[in-house]
Amino acid sequence: MTDVINPATGGVLTSVPSLDLAGTDAAIDRAQRAFAGWRQVAPGDRARLLRRFAALVDAHLDELADLEVRNAGHTIGNARWEAGNVRDVLDYYAGAPERLTGRQIPVAGGLDVTFHEPLGVVGIIVPWNFPMPIAGWGFAPALAAGNTVVLKPAELTPLTAIRLGELGLEAGLPEGVFTVLPGKGSVVGQRFVTHPAVRKVCFTGSTEVGKSIMAGCAAQVKRVTLELGGKSANIVFADADLERAAAAAPASVFDNAGQDCCARSRLLVQDSVYDRFLALLEPAVKAFRVLDPASPDAEMGPLISAGQRTGVAGYVEGADVAFTGTAPDGDGWWFPPTVLLAHSTAERHWREEVFGPVLSVLPFRDEQEAVRLANDTAYGLSGSIWTRDLGRALRMSRAVESGNLSVNSHSSVRYWTPFGGMKESGLGRELGPDALLSFTDTKNVFLATD
């Protein structure tokens, strides 16, 4: 059994079982047996079951949100959005099975057609920072495409995934079609990589672990989608709406206590407005409300663990602190929003993914330098560009090496558009209208007519 901790108090919430290798193999075998029947379910019937699943998630939205507040330290506002996102993703992909069509290709001497066939068992490994939405982004399109799913939640945050598994069964998904397997990554997650019946692995987490999973999947030429780390840039030009950009900056990095691979943790400000922008940013940071995550007024909760807090503090120690926000005292893994001045791109807080509420700031001269500084990283997941110049917005959007960019916004993820990274931030793209294709194999058939 593994204790589950409330990060806002440091107290034990409950304990959950931790599967061993034999239990993991048994669950994968059940998923493999269930696949034969699930792939034959008519597209309309599969869609109906997914819509019923979505309706049950909606009916239990407050329960799921409360679990996430207590287990992950997410603010109640964010947690309600996250449960609603699972519902919406299920609804969105419920319409996909009937659109998973092949095509006819003109050829001499016959007819050539293609089919999209489900892969089989899909293993989804979910991180602790966004337990509900990242789970949904994987299992909804995988199920819609006709695959069965085994899902491993993070050891720190298993509660909402376990509840979603129960709701899937209640919705009518056949036994073995969607199974949640709590346990250690070195046992359950690694078995997804090595078990021959698992034909695709979706992993969200650290780049280091992602590289290991990619190497392991290569041994079986196994499909893999990786959404890994980030060190995203928030680029503010002198012609931008500075008040709006400064007001948006705290949420772009401090949301979920900075434990977000899309966090805009490197702030690049054009030198001619650098001082003015910092003057606008300071009150916005100090006003950012770090409270009990159950409070409707909370904009940020605690870090996930004591170890995470120690790691984040290590980046701030010895750095040039411009200003900080506030955080509660007492129990729990609290850390205040913190803004650091970078004097060199070699500083650790500028180069490495802190995964905490820490923002590093650096000035730049012109577009060319902004591009160079933004791209001077191993990562390429997200980012923002603030300017009123449409031409500059398009030039910068093409030049910055990132899978997802926003202009005059810090929004990164929409389930109806593709999502994925460049460089060491990821491999493959999920979400959007073509997501089902990544959970299928394309089969080509030639029918001779002469």
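Preceding block: the structure.
Residues numbered from 1 in each chain as written. Predicted model: local features only at pLDDT ≥ 70, side-chain atom pairs only at ≥ 80, totals over all residues. Heavy atoms only, no water.

Asker: Is there a simple way to think about the nonpolar core in this case?
Answerer: Across soluble globular proteins, nonpolar side chains have a tendency to be buried as a group. Judged by nonpolar contacts, the single largest core of 55 residues is most densely connected at Phe139 and Leu151. When residues in this core are grouped by element, the largest group, nine residues, is from helix H5 (residues 131–144). Setting aside anything within four residues of it in sequence, one finds Phe139 in contact with Phe53, Val86, Leu90, Ile124, Val149, Leu151, Leu164 and Phe178. (Core = buried A, V, L, I, M, F, W, Y, C linked by side-chain atoms within 4.5 Å. Buried < 20%, exposed > 50% of the residue type's maximum accessible area, 1.4 Å probe, protein only. Helix = DSSP H or I, 4+ residues; strand = E, 2+ residues; numbered from the N terminus. Contact = heavy atoms within 4.5 Å.)

Asker: Is there a simple way to think about empty space enclosed by the protein in this case?
Answerer: A water-sized probe rolled over the atoms picks out the places where empty space is left. Enumeration according to the criterion identifies four cavities of 30 Å³ or more in this entry. Computed from the structure, the largest cavity encloses a volume of approximately 180 Å³. Split into classes, the residues belonging to the lining of the largest cavity amount to eight nonpolar, six polar and three charged. (1 Å grid on protein atoms, 1.4 Å probe; cavity = no way out; pocket = protein on both sides within 12 Å on 5 of 7 lines; lining within 4 Å. Points joined across faces, edges and corners; volume = space filled by probe spheres on them. Nonpolar A, V, L, I, M, F, W, Y, C, P; charged D, E, K, R; others polar.)

Asker: Sorry if this is basic, but what is going on with the packing of aromatic side chains here?
Answerer: Centre-to-centre distance and the angle between the planes together describe a pair of aromatic rings. Under the definition given, this model contains ten aromatic pairs. Aromatic side chains Phe139 and Phe178 sit 4.5 Å apart centroid to centroid with 40° between the ring planes, which places their arrangement in the tilted category. Taken together, the positions of Phe139 in helix H5 and Phe178 in strand E7 (residues 178–180) put the pair 39 residues apart, joining distant regions of the chain. On the basis of relative accessible area, Phe139 is assigned to the buried category, the value being 0%. Here the aromatic residues Tyr92, Tyr93, Tyr415 and Trp416 are joined through ring pairs into a cluster of three or more. In this structure, Lys200 packs its charged tip against the face of Phe439, placed 4.2 Å from the ring centre. (Phe/Tyr/Trp six-rings, centres within 6.5 Å; stacked < 30°, edge-to-face > 60°. Lys NZ or Arg CZ within 6 Å of the ring centre and 35° of its normal.)

Asker: Help me understand the pairing of strand E6 (residues 148–152), please; the structure alone is not making it clear to me.
Answerer: As a general feature of sheets, a regular strand has side chains that alternate between the two faces. With five of its five residues buried, E6 lies for the most part within the structure. Burial of the side chains of E6 extends over both faces: Thr148, Val150 and Lys152 are buried on one face and Val149 and Leu151 on the other. For strand E5 (residues 121–125) and E6, the ladder comprises five bridges, and the chain directions are parallel. Residue pairing across strands places Ile124 opposite Leu151, the latter belonging to E6. Since E5 and E6 lie parallel, the crossover through H5 that links them has a hand, and here it is right-handed. Relative to E7, E6 runs parallel, the two being bridged by three bridges. Within E7, the position partnered with Val149 by the bridge is Phe178. (Pairing = 2+ DSSP bridges. Right-handed = clockwise from strand over helix to strand, strands pointing away.)

Asker: Any chance you could explain the pattern of salt bridges here in plain terms?
Answerer: Side chains that carry opposite charge are capable of pairing whenever their charged atoms lie near each other. Tallied over the full model, the rule gives 25 salt bridges. Among the salt bridges present, the one from Glu369 reaches Arg372, with a minimum N-O distance of 3.4 Å. With Glu369 and Arg372 both in helix H13 (residues 367–375), this residue pair falls three residues apart, about one helical turn. Overall, the relative accessible area of 10% leaves Glu369 in the buried class. Within this structure, Asp239, Glu367, Arg392 and Arg395 form a network of salt bridges that share partners. (Salt bridge = Lys/Arg side-chain N within 4 Å of Asp/Glu carboxyl O.)

Asker: How do you make sense of the sheet that holds strand E3 (residues 104–107) when you look at a structure like this?
Answerer: Strands belonging to one sheet form pairs held by backbone hydrogen bonds; the direction of such a pair is parallel or antiparallel. Overall, antiparallel pairing links the three strands, which are arranged E3-E4-E18 in an open sheet. Because the sheet does not close on itself, it has two edges, and the strands there are E3 and strand E18 (440–448). Averaged over all neighbouring strand pairs, the angle between strand axes comes to 25°, with direction disregarded. (Axes fitted to C-alpha atoms, helices over the stretch in contact; angles between N-to-C directions.)

Asker: Sorry if this is basic, but what is going on with the sheet that holds strand E13 (residues 338–341) here?
Answerer: Judged by pairing direction, the sheet is mixed, and its seven strands sit side by side in the order E12-E13-E14-E11-E10-E15-E16 without closing on themselves. The open sheet has two edge strands, strand E12 (320–324) and strand E16 (406–407), and neither has a second partner. Each of strand E10 (233–236), strand E15 (383–386) and E16 touches helix H14 (residues 390–399); the most contacted strand, E15, lies at about 160° to it.

Asker: Is there a simple way to think about the packing of helix H3 (residues 61–72) against helix H6 (residues 159–171) in this case?
Answerer: Helix packing for two helices is described by the angle between their axes and how far apart those axes are. Put simply, H3 and H6 touch, their axes get as near as 9 Å, and they point 160° apart. With respect to H6, the element H3 is oriented roughly antiparallel. Taking contact as the criterion, the partners of Glu63, Leu64, Leu67, Glu68 and Asn71 in H3 are, on H6, Leu159, Thr160, Arg163, Leu164 and Leu167. Tallied by class, residues from the contact of H3 with H6 come to five nonpolar, two polar and three charged. (Parallel < 35°, antiparallel > 145°, perpendicular 65-115°, else oblique.)

Asker: Could you clarify how one ought to interpret helix H8 (residues 207–218) in this entry?
Answerer: The periodicity of an α-helix, 3.6 residues per turn, causes residues three or four positions apart to be oriented the same way. Here H8 is twelve residues long and its end C-alpha atoms lie 16 Å apart, about the 16 Å a rise of 1.5 Å per residue gives. When we look at burial in H8, the residues that qualify are Thr207, Gly210, Ile213 and Cys217. Along the axis of H8, the buried positions cluster into a sector of 115°, meaning they face one direction only. Seen from the open side of H8, the exposed residues pointing more than 90 degrees away from its buried face are Glu208 and Ala215. Along its buried surface, H8 packs onto E5, helix H7 (185–194), strand E8 (198–204) and strand E9 (223–227). (Expected span 1.5 Å × (residues − 1). Arc of directions from axis to C-beta.)

Asker: Please explain the packing of helix H1 (residues 21–38) against H7 as it appears in this structure.
Answerer: At a closest axis distance of 9 Å, the pairing of H1 and H7 adopts a crossing angle of 40°. It follows from the interaxial angle that H1 and H7 lie oblique. The crossing of H1 and H7 is right-handed. Along its contact with H1, which presents Leu21, Thr24, Asp25 and Ile28, the element H7 presents Val187, Val188, Arg191 and Phe192. A per-class count over the contact of H1 with H7 returns five nonpolar, one polar and two charged. (Left-handed = near helix turned anticlockwise from the far one by under 90°.)

Asker: What is the right way to read the pairing of E9 from this model?
Answerer: Judged by how many residues are buried, E9 sits mostly within the fold: four of five residues are covered. As paired strands, E8 and E9 are joined by five bridges and run parallel to one another. Note that in E9 the partner of Lys200 across the bridge is Arg223. Read as a crossover between parallel neighbours, the route from E8 over H8 to E9 is right-handed. Across two bridges, the pairing between E9 and strand E17 (residues 426–427) is antiparallel. In the sheet register, Leu226 faces E17, and the bridge partner there is Leu427.

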